[in-house]
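# Architecture at a glance
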Amino acid sequence: MSTIGIEKQTPSYTMADRFESKINEVMAFCPACKAFETVYLNNGKLNQNHKFTQFGNHIYHDCGSNTPCRLYMTT
Ligand SMILES: [Zn+2]
């Protein structure tokens, strides 16, 4: 009788990983449509979000605005 080898996907954390994976909660304000929503930045990059898209150092709202959103820290 053989045992089924279940691979445990154990996340291998290191102190460096924890330190570097910094998630910031910020408010994004779209100057075009005045939308004001919470977005999350992971290490300074936009987390996957269906309403906002990151280009370079700016985040654009999906309303078609050519003006980047303003970001406000919530903390
Ligand atoms: Zn917008």
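Scroll up for the structure.
About the criteria used
Residues numbered from 1 in each chain as written. Predicted model: local features only at pLDDT ≥ 70, side-chain atom pairs only at ≥ 80, totals over all residues. Pairing = 2+ DSSP bridges. Helix = DSSP H or I, 4+ residues; strand = E, 2+ residues; numbered from the N terminus. Contact = placed C-beta atoms within 7 Å. Buried ≥ 20, exposed ≤ 12 C-beta atoms within 10 Å, placed from the backbone.

### Some points on the pairing of strand β1 (residues 23-29)
Summarising the sheet, β1 and strand β2 (residues 36-42) pair through seven bridges and their orientation is antiparallel. Opposite Phe29, over in β2, you have Phe36 as the bridge partner. The turn joining β1 and β2, which pair antiparallel and follow one another in sequence, is formed by six residues; a positive phi near 65° is taken by Lys34. Inspection of the sheet shows β1 paired to strand β6 (residues 70-73) by four bridges, in the antiparallel sense. Counted as the bridge partner of Phe29 is Arg70 from β6.

### Structural notes on the sheet that holds strand β3 (residues 45-46)
The strands making up a sheet are joined through hydrogen bonds of the backbone, oriented either antiparallel or parallel. With antiparallel pairing, four strands are arranged side by side in an open sheet as β3-β2-β1-β6. For this open sheet the edge positions go to β3 and β6, each flanked by a neighbour on one side alone. Summarising the sheet, β2 and β3 pair through two bridges and their orientation is antiparallel. Note on β3: the bridge partner recorded for Leu41 is Leu46.

### Some words on the environment of Ile59
The residue Ile59 is located in strand β5 (residues 58-61) in this model. For the pair Ile59 and Cys30, spaced 29 residues apart in sequence, the C-alpha to C-alpha distance is 9.2 Å. In contact with Ile59, other than residues within four places in its own chain, are Ala28, Val39, Leu46, Phe52, Gln54, Pro68, Cys69 and Leu71.

### A short note on the environment of Tyr60
Tracing the backbone through its elements, the reader meets Tyr60 in strand β5. For Tyr60, a count of 19 C-beta atoms within 10 Å translates into the label partly exposed. In this structure the C-alpha to C-alpha distance between Tyr60 and Phe29, which are 31 residues apart in sequence, comes to 9.6 Å. The contacts of Tyr60, once residues within four sequence positions are left out, are Phe52, Thr53, Phe55, Ser65, Pro68 and Cys69.

### Quick word on the pairing of strand β4 (residues 52-55)
Working note: regular strand, side chains alternate between the two faces of the sheet. Alignment of β4 against β5, held across four bridges, turns out to be antiparallel. Residue pairing across strands places Phe52 opposite His61, the latter belonging to β5. Here β4 folds back onto β5, and the loop between the two strands holds two residues, one of which, Gly56, carries a positive phi near 60°.

### Digging into unusual backbone geometry
At Lys34, a position not held by glycine, the phi torsion is positive, near 65°. As for its position among the elements, Lys34 is in the loop between β1 and β2. One non-glycine residue, Asn43, lies in the positive phi region at around 55°. Structurally, Asn43 is set in the loop between β2 and β3. Taking the number of C-beta atoms within 10 Å as the measure of exposure, Asn43 has 10 and is therefore exposed.

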